[in-house]
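# Notes for the structure review
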Amino acid sequence: MSRFFSSDYAALTPYTPGEQPRIQNLIKLNTNESPFPPSPKAQAYAKEAAQNLQLYSDPTAKRLHEALAANLGVEPDEVLATNGSDEILNFAFMAFCDKNHGAAFADLTYGFYPVFAQLNGISYTEIPLKDDFTIRTEDYFDLHKTIFIANPNAPTGVFLAKSEIERILRANPDSVVVVDEAYVDFGGESCVDLIHTYDNLLVTQTFSKSRSMAGARLGFGVGCKALIGDLNTIKYSTNPYNVNAMTMAAGVGALEDEAYTRANCRTIMENRAWTMAQLKALGFSMPDSMTNFIFAKHETIDGDTVYRELRARGILVRHFTLDKIKDHNRITVGSREQMQALVDALKEITGGCQ
Ligand code: PMP
């Protein structure tokens, strides 16, 4: 740390992203990326947009907002595109929390929430999940805090029914409830259509997972016009050109190729079911996943050993050191070939049987 670093941030522990090693033949199952390339239409539109990079990108993101709104069944001024969904989440912490209105989220959830809270000087409460990693809905009643719920949750993959989210929305009429749907396209049910019923609901989604565009950095928020207006105030006070022109164009291309996204999601869900069955036969247990990853724990081999043994065989998964989940590994569901390699390696590691 330099002697010039603001004392406001001196104690900040930044988010640690999953490793991005460039090792040949590595099977990378640690950051929940898609094994499929972006839609050919997304690639073609990005290439076309590259010809005009001398110009700033459209700060109103008109074309993209219109395409998103049509896709989601909402109005263009009920959506806001951002630089990954991480950006809209940070905007939400900035816009809807302050010294008198802190944040609340699960104790096991997306690791960026506490970082955003700290970054913005916001106090936060971590609400313990039950032992089976599910949420006790009543724990989220009358909190008088801005609530962040990853649904389905990460790193567990567990989905909370939409009717339960509605109970939380109704029990917190004076607080914004942010439903982070980064993984909703893999079997969950979106709350987007509830934005016309609840003026305290903000839904966030991403193009990083189901739409194979993690490297393009595109996310968005959906909420009533007033909430989106507040988020725009934050956007125009930080970076009006937050989404670059190539990414915006790629996003429109991806939305025009919805069939491609749906087919890829179906394949991932099939591969997930197959891999979960194989892992169970090898002595692993896991909560039911509604995401493109599996949160698995072996009955006798500790999580760190599984992680290291897989790594030694060229397979990278995500291991967390937090005590409650240190025996779990979060494994991205990839192509069938990648899953076969994973299962073959785990057969070796576990001795082939339970
Ligand atoms: N929410 C959750 C729950 C996530 O796991 C991630 C991915 N790390 C994000 C949001 C952010 O994704 P992105 O910024 O790539 O849209």
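For the structure, check the block above.
Overview of the structure. Residue numbers restart at each chain and count upward from 1, following the sequence in its written direction. Side-chain atom pairs in this predicted model are given and counted only at pLDDT of 80 or more, local residue features only at pLDDT of at least 70, and totals for whole chains, interfaces and linings cover all residues. Think of the side-chain values as coming from all heavy atoms in the structure, minus any hydrogens and water.

## Considering the pattern of salt bridges
When a carboxyl oxygen of Asp or Glu is within 4 Å of a side-chain nitrogen of Lys or Arg, the pair counts as a salt bridge. Using the criterion set out here, one finds 20 salt bridges in the structure. Put simply, Asp107 and Lys324 hold a salt bridge, and the shortest N to O gap is 2.6 Å. Taken as a pair, Asp107 in the loop between strand E3 (103-106) and helix H4 (112-119) and Lys324 in the loop between strand E11 (315-319) and strand E12 (328-332) lie far apart in primary sequence, 217 residues in all. Taking the shortest distance from any N to any O, the salt bridge between Glu309 and Arg313 comes out at 2.9 Å. Among the residues examined, Glu309 registers a relative accessible area of 31% and is labelled partly exposed. When its relative accessible area of 33% is taken as the criterion, Arg313 is described as partly exposed. Helix and strand definitions here come from DSSP, where helices need a minimum of 4 consecutive H or I residues and strands a minimum of 2 consecutive E residues; each element is numbered from the N-terminal end. Think of it in three bands: residues with accessible area under 20% of the maximum for their type are buried, residues over 50% are exposed, and the middle band is partly exposed, with areas taken using a 1.4 Å probe on protein chains only.

## Let's talk about the sheet that holds strand E5 (residues 146-150)
Pairing between two strands is assigned when DSSP locates at least 2 bridges connecting them. Strand order across the open sheet formed by 7 strands is E2-E8-E7-E6-E5-E3-E4, with mixed pairing between neighbours. Every other strand in the sheet has two partners, leaving strand E2 (79-82) and strand E4 (124-127) as the edge strands with one partner each. On average, each strand axis in the sheet is inclined to that of its neighbour by 20°, with strand direction left out of account. For helices, the axis comes from a line fit to the C-alpha atoms of the stretch in contact; other axes are also lines fit to C-alpha atoms, and the angle between any two N-to-C directions lies between 0 and 180 degrees.

## Notes on the side chain of Glu87
By secondary structure assignment, the location of Glu87 is in helix H3 (residues 84-96). In summary, the charge assignment counts Lys and Arg as positive and Asp and Glu as negative, without counting His or the chain termini. It is Lys235 that comes nearest to the buried, bridge-free Glu87 among opposite-charge side chains, at 7.6 Å. Filtering out sequence-adjacent residues up to four positions away, Glu87 remains in contact with Thr82 and Asn242. In this analysis, two residues are considered to be in contact whenever any of their non-hydrogen atoms come within 4.5 Å of each other.

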